[in-house]
Amino acid sequence: MVTVTLTVNGQEKTSDCEGRSLLSDFLRDNLNLTGTHVGCDTSQCGACVVHVDGEAVKSCTMFAWEAQGADVATIEGMAEDDGSLGTIQQAFQDHHGLQCGFCTPGMVMSAAALLKKNPDPTEYEIRDYLEGNICRCTGYQNIVHAIQAAAQTMRAAT
Amino acid sequence: MYDFAVERPTNLDDASRLLAKDETQVIAGGQTLIPTMKSRLASPKTLVSLTGIDEIKGVSPSQGSVTIGAATRHVDVANETRTLYPALASLAANIGDPAVRNRGTIGGSLANNDPSACYPAAALAGDAEIKTQERSYSADDFFCGLFETALSEGEFITEIRFPIPDRASYQKFEQPASRFALVGVFVTQKSGQVRVAVTGASEEGVYRWKEAEQALSDDFRREAIADLIVPAEGKIVDIHGSAAYRAHLVKVLTGRAVDSAH
Ligand SMILES: Cc1cc2nc3c(=O)[nH]c(=O)nc-3n(C[C@H](O)[C@H](O)[C@H](O)COP(=O)(O)OP(=O)(O)OC[C@H]3O[C@@H](n4cnc5c(N)ncnc54)[C@H](O)[C@@H]3O)c2cc1C
Ligand code: FES
Ligand code: FES
């Protein structure tokens, strides 16, 4: 057993888990944050992407203890304080960037990581950044549109 | 996955001492090891994480070469070698996807020696020196076939020194599902001598294509290898490509690497 303490979406959390507990399991089972999805569990699909110390990682391919002391951001932290959708989430809704929604938490977290580094990405840069996020429904076109729109809104706001 | 105990040393001595025990294994970025443990192809009793050891992280340039700590992540190699060694930076920037590059390390990739991995080609074509806590290996002596290296039990890579070539290029033909190299070719030229290393193609793992090295050392142009024949024999066959296809790609990618080397 290991005791893991980390900050998730701004709140400090501590919980005991096994050495083999993945960060995705820890978030979902120990902290009840089930917005982070597990699609493949084999590092391929990106549904489980969260941010650790500001960087996108696949939470199914990291042990919970490796995030000891880290600052973790999940899809639950993307909403505004009043519970309304955050800018990227709203853009996904407005531009039909999701159908079943299974890949969406990972898509939004990857998009957020991209826009933090590159506030005005080209279509190529968006598609390249989403290389590790697989969507079985949308065909990606509207995901790209949503991220372009979110980028524009975020640029206009600053 | 079977459960295990966790150790997080913060210096090399502690890491060496912990790894001297039986059924103990190093974990760096975990991007290969965690999937391997999930499928129970590895089931260590104790994992020793290298990520807390600051002295084996980072990129340091010195006269004519660049030394990279084994626990340096792909994203950091990509960012920090961009002007020093652009071919290496571009190799690192095209491994897997951003999330993989934010965790995976150069030491993990070299130690794993996957037959389709990118870094082994850079190390071999770049005549790199691979250092461990005990000794140092030339890349020529380090890679010993599929997933095999010269590392002994408990030995781990601490840093890799790459001499800076006069020009170089890495050309990767991506396997679109895994994003590994279906075939990848790294070419370097230094003081007139050319080295060509091929990954993804041979059933025996990364190798040097010596005939091409000879031809390109005499004449560094794509035309110089036009008459060479790459045999299909011994090349990897899988659903993504036949042996003949991979053999064909070796020559095409070597030509592209020569054209784009800078
Ligand atoms: C979706 C996906 C796509 C990928 N695409 C590519 C690609 O295009 N090209 C490519 O080259 N790779 C690719 N990889 C592999 C990736 O580069 C891995 O990060 C890398 O192979 C292993 O590095 P790691 O730090 O994650 O090692 P780990 O997974 O932690 O360890 C791998 C092995 O090396 C050992 N090890 C780790 N560090 C050391 C050390 N310093 N000394 C001795 N032994 C050590 C471990 O014990 C283990 O056996 C991909 C991986 C994924 C999941
Ligand atoms: S669940 Fe983590 S990559 Fe698919
Ligand atoms: S919306 Fe269904 S997988 Fe992407």
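Residues numbered from 1 in each chain as written. Chains lettered and ligands numbered in written order. Predicted model: local features only at pLDDT ≥ 70, side-chain atom pairs only at ≥ 80, totals over all residues. Heavy atoms only, no water.

Asks: What exactly am I supposed to notice about the overall build of chain B here?
Replies: Scanning chain B for helices and strands turns up 10 helices and 12 strands. Relative to its length of 262 residues, chain B is compact, with a C-alpha radius of gyration of 18 Å against a globular reference of 18 Å. Dimensions of chain B along its principal axes, counting C-alpha atoms only, are 55 × 45 × 30 Å. Per-residue burial for chain B yields a buried fraction of 55% across its 262 residues. Looking at chain B alone, contacts between residues at least 24 apart form 58% of all its contacts between residues at least 6 apart. Accessible area for chain B stands at about 11100 Å²; split by element, carbon and sulfur atoms hold 47% of it. For chain B, the separation between the mean place of its 27 positive charges and that of its 34 negative charges on side chains is 5 Å. (Helix = DSSP H or I, 4+ residues; strand = E, 2+ residues; numbered from the N terminus. Rg over C-alpha atoms; globule rule 2.2 N^0.38 Å. Buried < 20%, exposed > 50% of the residue type's maximum accessible area, 1.4 Å probe, protein only. Contact = heavy atoms within 4.5 Å. Areas by Shrake-Rupley, 256 points an atom, 1.4 Å probe, with all protein chains shown as cover. Lys, Arg positive; Asp, Glu negative; His and termini not counted. Charge placed at Lys NZ, Arg CZ, Asp CG, Glu CD.)

Asks: Explain the nonpolar core to me, please; I cannot follow it from the model alone.
Replies: Note on soluble globular proteins: their nonpolar side chains tend to be buried together. Formed by 36 residues in total, the largest nonpolar core has its most connected members in Leu110(B), Tyr119(B), Phe143(B), Phe162(B) and Phe186(B). Broken down by element, the residue count for this core peaks at 6 residues, all from helix α7 (residues 119–125) of chain B. When residues of this core are assigned to domains, at least three fall in each of domain 2 (54–163) and domain 3 (167–261) of chain B. Look past the residues within four positions of Phe162(B) in its chain and what remains in contact with it is Gly64(B), Ser65(B), Val66(B), Ile68(B), Tyr85(B), Leu88(B), Ile106(B), Ala122(B), Ala123(B) and Ala128(B). Within the second largest apolar cluster, 29 residues are counted, among which are Phe26(A), Trp65(A), Ala70(A) and Leu47(B). (Core = buried A, V, L, I, M, F, W, Y, C linked by side-chain atoms within 4.5 Å. Domains from an automatic or database assignment.)

Asks: Where do I start with the layout of surface pockets in this structure?
Replies: In this approach, a probe sized like a water molecule rolls over the atoms, and the result shows the empty space that is left. Of the pockets and cavities examined, the second largest pocket occupies roughly 520 Å³. Contributing to the lining of the second largest pocket are 18 residues, with Lys117(A), Asp128(A), Tyr129(A), Ala93(B) and Arg101(B) lying nearest its centre. The set of elements that each furnish at least two residues to the lining of the second largest pocket consists of α3 (104–117) and α4 (123–129) of chain A together with α3 (74–80), α4 (86–93) and α5 (98–101) of chain B. In terms of residue count, α4(A) provides more of the lining of the second largest pocket than any other element does, 4 residues in total. Among the residues forming the lining of the second largest pocket, the class breakdown is 8 nonpolar, 5 polar and 5 charged. (1 Å grid on protein atoms, 1.4 Å probe; cavity = no way out; pocket = protein on both sides within 12 Å on 5 of 7 lines; lining within 4 Å. Points joined across faces, edges and corners; volume = space filled by probe spheres on them. Nonpolar A, V, L, I, M, F, W, Y, C, P; charged D, E, K, R; others polar.)

Asks: Got a minute to help me understand empty space enclosed by the protein in this structure?
Replies: Going through the model one piece at a time under the given rule, you end up with 1 cavity of 30 Å³ or more. Its volume calculated, the largest cavity comes out at about 50 Å³. Val49(A), Ala56(A), Lys58(A), Ser110(A), Tyr129(A), Gly132(A), Asn133(A), Asp97(B), Pro98(B) and Ala99(B) are the residues that line the largest cavity. Elements represented by at least two residues in the lining of the largest cavity include exactly β4 (55–58) of chain A together with α5 of chain B.

On their own, these measurements won't tell you what the molecule is for.
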